[in-house]
Amino acid sequence: MRCRPLALLLFFASAVVLAACDQREVENVVKVTDVKTGFFDAGIVDGQNKLVPSVSFHLQNVTSDPIQSVQINAVFRQVTEDLAWGDRLIRGVGSDGLAGGATGGTLVVRSPRGYTSPVARVDMFKHKDFVDVKVDLFARHGSRTWAKIGEFPIERKLLTE
């Protein structure tokens, strides 16, 4: 009977060690490809046109080993500011995984914040108060710390999808 608590303790300790070993430096495993940016037409909000910064991309596994469960955090910033203007957390690679050398499907991330104006959407880019935006992409695998995997300027172009 005394061996049972010790066996359970050893089992859980080994499970924790094995789980920690499986956490990978995602910045060395995935690469951001096929990046497209712009401002998505978010419709009319409170009687005004709304545009939000948007980025679409693919993740490519640059190793020969599969990887699962990668999280992506997209942080949008106005280029004149250091503080985040908006951010979104998404699943970059699900539990089904991404095989070694493979490229995943299209991931689309849009900021919750954007620009609103009564003027036509295409004219919003010309407004004196319009400030360019960039997006920083961070990734992590397991409980590792976030690693920056890319920084991209948001183009001044209108996206409808």
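Treat the numbers as computed from the prediction; the structure is a model and nothing was measured.

A.B. asks: So what exactly am I meant to see when it comes to the sheet that holds strand E3 (residues 70-78) here?
C.D. replies: Picture the strands of a sheet paired through backbone hydrogen bonds; they go either parallel or antiparallel. Spatial ordering of the open sheet is given by E4-E3-E7-E8, a layout of four strands whose pairing is antiparallel. Strands at the two margins of the open sheet, each flanked by one partner only, are strand E4 (86-93) and strand E8 (147-153). Along the sheet, successive strands turn relative to each other by an average axial angle of 20°, direction set aside. Examined bridge by bridge, E3 and E4 share seven bridges and lie antiparallel to one another. Each residue of the ladder has a partner; that of Ala 74, found in E4, is Arg 88.

A.B. asks: Would you mind going over the side chain of Arg 77 with me for this structure?
C.D. replies: Residue position: Arg 77 is located in strand E3. Reaching out from Arg 77, the side chain makes a polar contact with the backbone oxygen of Asp 82 at a distance of 2.8 Å. Here Arg 77 is in contact with Asp 82, Leu 83, Ala 84, Trp 85, Asp 132, Val 133, Lys 134 and Asp 136, once residues within four sequence places are set aside.

A.B. asks: What am I meant to see in the pairing of strand E1 (residues 30-45) here?
C.D. replies: Regular strands show a simple pattern: their side chains alternate between the two faces of the sheet. Across twelve bridges, the pairing between E1 and strand E2 (residues 48-61) is antiparallel. When the sheet's bridge partners are listed, Val 32 is paired in E2 with Leu 59. Across two bridges, E1 lies against strand E9 (residues 158-159) in parallel orientation. When the sheet's bridge partners are listed, Phe 40 is paired in E9 with Leu 159.

A.B. asks: Sorry, what's going on with the packing of aromatic side chains here?
C.D. replies: By convention here, two paired aromatic rings are described through the distance between centres and the angle between planes. Counted by the stated rule, this structure contains six aromatic pairs. Among the aromatic residues, those joined into a ring-pair cluster are Phe 39, Trp 85, Tyr 115, Phe 125 and Phe 130.

A.B. asks: Just to check I follow, could you spell out the confidence of the model for the protein chain for this structure?
C.D. replies: Detailed reading of the predicted model is not advised wherever pLDDT is low. Across the protein chain, the average pLDDT comes to 89, with 86% of residues at or above 70. Ignoring residues within four places in sequence, the model shows residues 13-21, a span with pLDDT below 50, making zero contacts including any to other chains.

A.B. asks: Honestly, the environment of Val 45 in this entry has me stumped. Any pointers?
C.D. replies: Considering the arrangement of structural elements, one finds Val 45 in strand E1. Relative accessible area serves as the criterion here: at 32%, Val 45 is assigned to the partly exposed category.

A.B. asks: Sorry, what's going on with the pattern of salt bridges here?
C.D. replies: When their charged atoms lie close together, side chains carrying opposite charge are able to pair. Under the criterion given, the structure shown has ten salt bridges. Residue Asp 41 pairs with Arg 121 through a salt bridge whose shortest N-O separation is 2.8 Å. Of the two residues, Asp 41 sits in strand E1 while Arg 121 sits in helix H2 (residues 121-124), which places them 80 residues apart along the sequence. For Asp 41, a relative accessible area of 22% puts it in the partly exposed group. For Asp 136, the salt bridge is made with Lys 148, and the minimal N-O distance between the two is 3.4 Å. Note that Asp 136 is positioned in strand E7 (residues 133-141) and Lys 148 in strand E8, a separation of twelve residues in sequence. Judged by its relative accessible area of 44%, Lys 148 falls in the partly exposed class. One salt-bridge network, held together by shared partners, links Arg 77, Lys 134, Asp 136, Lys 148 and Glu 151.

Definitions and limits used
- Residues numbered from 1 in each chain as written.
- Predicted model: local features only at pLDDT ≥ 70, side-chain atom pairs only at ≥ 80, totals over all residues.
- Heavy atoms only, no water.
- Pairing = 2+ DSSP bridges.
- Helix = DSSP H or I, 4+ residues; strand = E, 2+ residues; numbered from the N terminus.
- Axes fitted to C-alpha atoms, helices over the stretch in contact; angles between N-to-C directions.
- Polar contact = N/O pair within 3.5 Å; in protein donor to acceptor, adjacent residues only side chain to side chain.
- Contact = heavy atoms within 4.5 Å.
- Phe/Tyr/Trp six-rings, centres within 6.5 Å; stacked < 30°, edge-to-face > 60°.
- pLDDT = per-residue confidence, 0-100.
- Buried < 20%, exposed > 50% of the residue type's maximum accessible area, 1.4 Å probe, protein only.
- Salt bridge = Lys/Arg side-chain N within 4 Å of Asp/Glu carboxyl O.

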